[in-house]
Amino acid sequence: MDLNYSPDELAFRDEVRGWLRSNLPDDLRAKVEGYQELSKDDLLRWHKILAKKGWVAPDWPTEWGGTDWNVVQRYIWEEECGFAATPMVVPFGVRMCAPVLLRFGTDAQKKKFLPRIYHGEDFWCQGYSEPGSGSDLASLKTRAVRQGDGHYVVTGQKIWTTMAQHADWIFCLVRTDGTTGKRQDGISFLLIDMHTPGITVRPIVLLDGSKEVNEVFFDEVAVPVENLVHEEGKGWTVAKYLLGYERMGTGRIGASKRELAKLKELAGEQLKDGRPLMEDPRFRDRLTRVEVELMALEITNLRFLDQMRRSGRPPGADVSMLKIKGTEIQQAITELMMQAAGPLAQAFRPVDAMDFDHFTARLAPRYCNLRKATIYAGSNEIQRNIIAKATLGL
Ligand SMILES: Cc1cc2nc3c(=O)[nH]c(=O)nc-3n(C[C@H](O)[C@H](O)[C@H](O)COP(=O)(O)OP(=O)(O)OC[C@H]3O[C@@H](n4cnc5c(N)ncnc54)[C@H](O)[C@@H]3O)c2cc1C
């Protein structure tokens, strides 16, 4: 096993680093570093800069705009973006819907949707979860009834739909046949225009006051049959294919490294009993544990990449391990940040009369917001079940 980058890979890393330094707008970097909410315009601005450079969808085939980077180059790209504090490329179009269309879509669907996804012309969201159907996704009830005139009529509700308030399109799992013995059968994968009459989006306010997730209601929404992806009733195959892609992007190692560096800076300034918190043995112990776990995560990630580089084998259930560890580390960093910022970290927003900086004022909301990381993209308990079954054979 070779965990070191080759000279070519190092040269690639330097190229990426240099480009990010010159092309990432300062205001966007400052917002990401300061844990501020990014607007739709912010997200699309960065998306379009990447699209112009040809780097917005590295994983896609080159004929559709992919970069033809190998797995290691793609990993380097992800990590450098995290380290440089770029906004994320919203994954629902580029990383979820597009791979599905490339694998299962018709030529007409590819031609219609892929270029618009690439250039950030359509904003997508993901309609999988429903009330009572999250981990137990196959119990979903939103139904689509096919009419004679070439339409489905969709009725039901989705929940926790991230950024649905911005979305032009939603990809949805719907039940087209409620009579099958196996619940996974009879589910279909539909692309639905969010501007169609009968769709209502209602925000859910999260613990930190943010409104990033929503309920989406469908009241007899007409969807043309040409928006069906793959065969009717075979949506579960599509759904599982997509979930692998969703979990690939949850490690965020580069971003965690950047945040650890910031944490050390804070802990060097904050005094405890007249000495920097960084010198407190209990704090150092906690911080070091997180740092070691992050190093272990990175090495594990590189090990999977080495396997993929040598055998071309996709990572499979291993992705679950990266999701669990990556999100636990992200949460641990938010806890240590709160500790390092001292009593002022308790407040949700700056109070003019006090010695507050805006970074400190974002720490409590950030801490609350990041509780989500061990729930979304399949909760960490479910990821553990997957490892138990698929990797350990239990
Ligand atoms: C911030 C956020 C954004 C999200 N964005 C989207 C989105 O854009 N689109 C979308 O479709 N969904 C989205 N989700 C939904 C997410 O996928 C679900 O919340 C998740 O799958 C868990 O489902 P649930 O909420 O129904 O909880 P439940 O499935 O009811 O689980 C409740 C608890 O029980 C545990 N549990 C359940 N079953 C088992 C089991 N078999 N073994 C052990 N423990 C178990 C879970 O781990 C969890 O702790 C988002 C969620 C969050 C929090």
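Structure: above.
What you see is a predicted model, and the numbers here were worked out from it, not measured in a lab. (Residues numbered from 1 in each chain as written. Predicted model: local features only at pLDDT ≥ 70, side-chain atom pairs only at ≥ 80, totals over all residues. Heavy atoms only, no water.)

Let us look at the overall build of the chain. Counting secondary structure elements, the chain contains 13 helices and 10 strands. At 22 Å, the chain has a C-alpha radius of gyration in line with the 21 Å of a compact globule built from 394 residues. Along the three orthogonal principal directions, the C-alpha set of the chain runs to about 75 × 50 × 50 Å. Counting every position in the chain, which comprises 394 residues, the buried fraction comes to 50%. (Helix = DSSP H or I, 4+ residues; strand = E, 2+ residues; numbered from the N terminus. Rg over C-alpha atoms; globule rule 2.2 N^0.38 Å. Buried < 20%, exposed > 50% of the residue type's maximum accessible area, 1.4 Å probe, protein only.)

Below, the discussion takes up the packing of helix α2 (residues 26–33) against helix α3 (residues 40–53). Close contact between α2 and α3 brings their axes to 11 Å; oriented N to C, the two are set at 120 degrees. If you check the angle between α2 and α3, you find them oblique. For the element pair α2 and α3, the recorded crossing hand is left-handed. Residues Asp27, Leu28 and Lys31 of α2 pack against Asp42, Arg45 and Trp46 of α3. (Axes fitted to C-alpha atoms, helices over the stretch in contact; angles between N-to-C directions. Parallel < 35°, antiparallel > 145°, perpendicular 65-115°, else oblique. Left-handed = near helix turned anticlockwise from the far one by under 90°. Contact = heavy atoms within 4.5 Å.)

If you check the shell around the ligand, you find 17 residues, and the closest are Ser135, Trp160, Thr162, Ser379 and Glu381. Within the side chain of Thr162, a nitrogen or oxygen atom sits 2.7 Å from a nitrogen atom of the ligand. Here Ser379 contributes a side-chain N or O atom positioned 2.6 Å from an oxygen atom of the ligand. Computed on the free molecule, the ligand has an accessible area of 970 Å², of which 66% lies beneath the protein chains in the complex. It is helix α13 (residues 380–391) that contributes the most residues to the shell around the ligand, 3 residues altogether. Along the lines of polarity and charge, the residues of the shell around the ligand split into 7 nonpolar, 8 polar and 2 charged. (Near = heavy atom within 4 Å. Polar contact = N/O pair within 3.5 Å; in protein donor to acceptor, adjacent residues only side chain to side chain. Areas by Shrake-Rupley, 256 points an atom, 1.4 Å probe, with all protein chains shown as cover. Nonpolar A, V, L, I, M, F, W, Y, C, P; charged D, E, K, R; others polar.)

Right, let's get into unusual backbone geometry. At Ala85, a residue that is not glycine, the phi angle is positive and equals roughly 70 degrees. Note on placement: Ala85 falls in the loop between α4 (71–84) and α5 (91–104). A relative accessible area of 0% places Ala85 in the buried class. For Met163, which is not a glycine, the phi torsion comes out positive at approximately 60 degrees. With respect to the secondary-structure elements, Met163 resides in the loop between β3 (151–159) and β4 (169–175). Classification of Met163 as buried rests on a relative accessible area of 11%.

The subject of this paragraph is the pairing of strand β2 (residues 143–146). Pairing analysis gives 4 bridges linking β2 to β3, with the strands arranged antiparallel. When the sheet's bridge partners are listed, Arg146 is paired in β3 with Tyr152. What sits between β2 and β3 in their antiparallel hairpin is a turn of 4 residues, with Gly150 showing a positive phi close to 80 degrees. (Pairing = 2+ DSSP bridges.)

One pass over the structure, following the stated rule, counts 16 aromatic pairs. Both rings, one in Trp124 and one in Trp169, keep their centres 5.6 Å apart while their planes meet at 25 degrees; by these two values the pair is stacked. Here Trp169 lies in strand β4 and Trp124 lies in strand β1 (residues 124–127), a separation of 45 residues in the sequence. Just as Trp124 is buried, Trp169 falls in that class too. (Phe/Tyr/Trp six-rings, centres within 6.5 Å; stacked < 30°, edge-to-face > 60°.)

Next up on the list: the pattern of salt bridges. Applying the stated rule across the entire model yields 28 salt bridges. For Asp136, the salt bridge identified is with Arg183, shortest N-O distance 2.8 Å. Of the two residues, Asp136 is situated in the loop between β1 and β2 and Arg183 in the loop between β4 and β5 (187–193); the sequence distance between them amounts to 47 residues. Of the charged contacts in the structure, one is a salt bridge between Arg286 and Glu335, with a shortest N-O distance of 3.5 Å. Residue Arg286 is located in helix α9 (residues 281–311), and its partner Glu335 is located in helix α10 (residues 318–341); the two are separated by 49 residues in the primary sequence. The class for Glu335 is partly exposed, based on a relative accessible area of 28%. (Salt bridge = Lys/Arg side-chain N within 4 Å of Asp/Glu carboxyl O.)

With that settled, the discussion passes to the state of the cysteines. The full count for this structure, using the stated rule, is 0 disulfides. As a non-bridged cysteine, Cys97 has Cys125 as the owner of its nearest cysteine sulfur, 10 Å distant. (Disulfide = S-S within 2.5 Å.)

With that out of the way, let us pick up the environment of Gly93. Tracing the sequence through the fold places Gly93 in helix α5. Residue classification places Gly93 among the buried positions, given a relative accessible area of 7%. Each C-alpha atom of the pair Gly93 and Trp124 lies 5.2 Å from the other, and the pair is 31 residues apart in sequence. Excluding its chain neighbours within four sequence positions, the residues that come into contact with Gly93 are Ala98, Ile117 and Trp124.

Attention now moves to the nonpolar core. Phe171, Phe189, Leu191 and Ile192 are the most contacted members of the largest nonpolar core, which has 104 residues in total. Excluding anything up to four places from it in sequence, Ile192 contacts Val154, Asp168, Trp169, Ile170, Cys172, Ile199, Phe218, Val221 and Val223. (Core = buried A, V, L, I, M, F, W, Y, C linked by side-chain atoms within 4.5 Å.)

Bringing the packing of helix α8 (residues 253–269) against α10 into the picture now. Contact pair α8 / α10: the axes reach a minimum separation of 10 Å and the direction vectors enclose 15 degrees. In this view, α8 runs roughly parallel relative to α10, as classed from their interaxial angle. Here α8 and α10 pass one another in a crossing that is left-handed. Residues Ser256, Glu259, Leu260, Lys262, Leu263, Leu266 and Ala267 of α8 touch α10, and the partners they reach there are Ile329, Gln330, Ile333, Leu336, Met337 and Ala340. Residues of the contact of α8 with α10, tallied by class, amount to 9 nonpolar, 2 polar and 2 charged.

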